[in-house]
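Summary of structural features
One letter stands for each residue in the lines below.
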Amino acid sequence: MTRTSASSLLSTLGLLAILAASALPLLRLGGEWFGWLYAAGAALLLAARFIDPTPAGASLRVKRLKRMEIWTALIFVAGAVFTFLDLPGNDWLAFTMAGGVLTIYTSVMIPRESRKSENS
């Protein structure tokens, strides 16, 4: 298995785990293990982002977007920390939404910028 395919598999599993864990408390089904599922998804995503190779000859913008993906995974890790703290409010949800927005942005912009640099 190549680094790219391993990264793709781990990031997909991590994001699905974060999605499932985020849905549980919103549907009033969250138990003790909701935080553990969220943390496992965040850890998988972080591992995936660290092993994801930057394409050879990538533009500076693509390299920055790849680094932004790592920071996005760290935002999910921060959200996982808040699932275990006994604080009032839903701080974990704010981190989840911020990470989700950045994930959508990078997943749109990386292919667009890669195509743009290939055509130049």
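Everything discussed here concerns the structure shown above.
So, here's what we can say about the structure.

Basis of the calculations
- Residue indices follow the written sequence of each chain, beginning from 1 at its first position.
- Predicted model: local features are reported for residues with pLDDT of at least 70 only, side-chain atom pairs are reported and counted for 80 or more only, and whole-chain, interface and lining totals are derived from all residues.
- Side-chain measures here rest on the full set of heavy atoms in the structure, leaving out hydrogens and waters.
- A pair of Phe, Tyr and Trp rings is counted when the ring centres sit within 6.5 Å of each other, with Trp represented by its six-membered ring. The angle between the planes then sorts it: under 30 degrees is stacked, over 60 is edge-to-face, the rest tilted.
- We count a stretch as a helix when DSSP gives it H or I for four or more residues in a row; a strand needs E for two or more, and each element gets its number in order from the N terminus.
- Three exposure classes are used, based on accessible area relative to the maximum for each residue type with a 1.4 Å probe and protein chains only: buried under 20%, partly exposed in between, and exposed over 50%.
- Remark: nonpolar core denotes a set of buried residues (Ala, Val, Leu, Ile, Met, Phe, Trp, Tyr, Cys) joined through side-chain atoms within 4.5 Å.
- Pairs of residues are marked as contacts when any of their non-hydrogen atoms sit within 4.5 Å.
- Patch construction takes residues with relative accessible area above 30% that form no salt bridge. Like charges are linked within 9 Å, and nonpolar side chains (Val, Leu, Ile, Met, Phe, Trp, Tyr) are linked within 5 Å.
- Accessible surface area values rest on a Shrake-Rupley calculation with a 1.4 Å probe, where residue burial reflects the displayed protein chains alone.
- By salt bridge we mean one thing: a side-chain nitrogen of Lys or Arg within 4 Å of a carboxyl oxygen of Asp or Glu.
- All axes are obtained by fitting lines to C-alpha atoms, using only the stretch in contact for helices, and the reported angles, taken between N-to-C directions, cover 0 to 180 degrees.
- When the near helix sits turned anticlockwise from the far one by under a right angle, the crossing is termed left-handed; a clockwise turn instead gives a right-handed crossing.
- Following the grouping adopted for this structure description, the nonpolar residues are Ala, Val, Leu, Ile, Met, Phe, Trp, Tyr, Cys and Pro, the charged ones are Asp, Glu, Lys and Arg, and the polar ones are all others, Gly among them.
- Throughout this description, any angle smaller than 35 degrees is read as roughly parallel, any larger than 145 degrees as roughly antiparallel, any in the 65 to 115 degree range as roughly perpendicular, and the remainder as oblique.

**A word on the packing of aromatic side chains**
- Per the stated rule, a full pass over the model turns up four aromatic pairs.
- Between Tyr38 and Trp92, the aromatic rings sit 6.2 Å apart at their centres with planes inclined by 80 degrees, giving edge-to-face as the arrangement. Of this pair, Tyr38 sits in helix H2 (residues 34-51) while Trp92 sits in helix H4 (residues 91-119), placing them 54 residues apart in sequence. Considered together, Tyr38 and Trp92 belong to a single accessibility category, that of buried residues.
- An aromatic cluster is defined as three or more aromatic residues linked by ring pairs; in this entry it consists of Phe34, Tyr38 and Trp92.

**Some remarks on the nonpolar core**
- Counting 13 residues, the largest nonpolar core has Ile18, Tyr38, Ala42, Leu45, Phe76, Ala80 and Trp92 as the members making the most contacts within it.
- Counting residues per element, this core draws most heavily on H2, at six residues.
- Among residues more than four places away in sequence, those in contact with Phe76 are Leu15, Ile18, Tyr38, Ala42, Leu45, Thr96, Gly99, Gly100 and Thr103.

**Focus on a nonpolar patch on the surface**
- Together, Met1, Leu9 and Leu13 give the surface a local cluster of nonpolar side chains, amounting to about 350 Å² of exposed area.
- Among the structural elements, Leu13 can be located in helix H1 (residues 3-26).
- Among the residues examined, Leu13 registers a relative accessible area of 43% and is labelled partly exposed.

**A closer look at the packing of H1 against H4**
- Between H1 and H4, whose axes approach to 12 Å, the crossing angle comes to 140 degrees. In the packing of H1 onto H4, the handedness of the crossing is left-handed. Counting all contacts with H1, which are made through Leu15, Ile18, Ser22, Pro25 and Leu26, the residues of H4 involved are Trp92, Leu93, Thr96 and Thr103.
- Here the contact of H1 with H4 is composed, by residue class, of six nonpolar, three polar and no charged.

**Section: the pattern of salt bridges**
- Scanning all chains against the criterion turns up four salt bridges.
- The residue Lys66 makes a salt bridge to Asp52 at a minimum N-O spacing of 2.7 Å. In this pair, Lys66 is assigned in helix H3 (residues 60-84) and Asp52 in the loop between H2 and H3, connecting sequence segments 14 residues apart.
- You can call Lys66 buried: its relative accessible area is 16%.
- Close ionic contact of Lys116 with Glu113 constitutes a salt bridge, the shortest N to O distance being 3.4 Å. Separated by three residues within a single helix, Lys116 and Glu113 lie in helix H4, roughly one turn from each other.
- Owing to a relative accessible area of 49%, Lys116 belongs among the partly exposed residues under this scheme.
- Judged by its relative accessible area of 8%, Glu113 is buried.
- Sharing partners across several salt bridges, the network here consists of Arg61, Glu113 and Lys116.

**A few points about the packing of H3 against H4**
- Across the interface, H3 lies against H4 with an axial gap of 8 Å and an inter-helix angle of 165 degrees. Classified by the angle between their axes, H3 and H4 sit roughly antiparallel to one another. The interaxial crossing formed by H3 with H4 has left-handed handedness.

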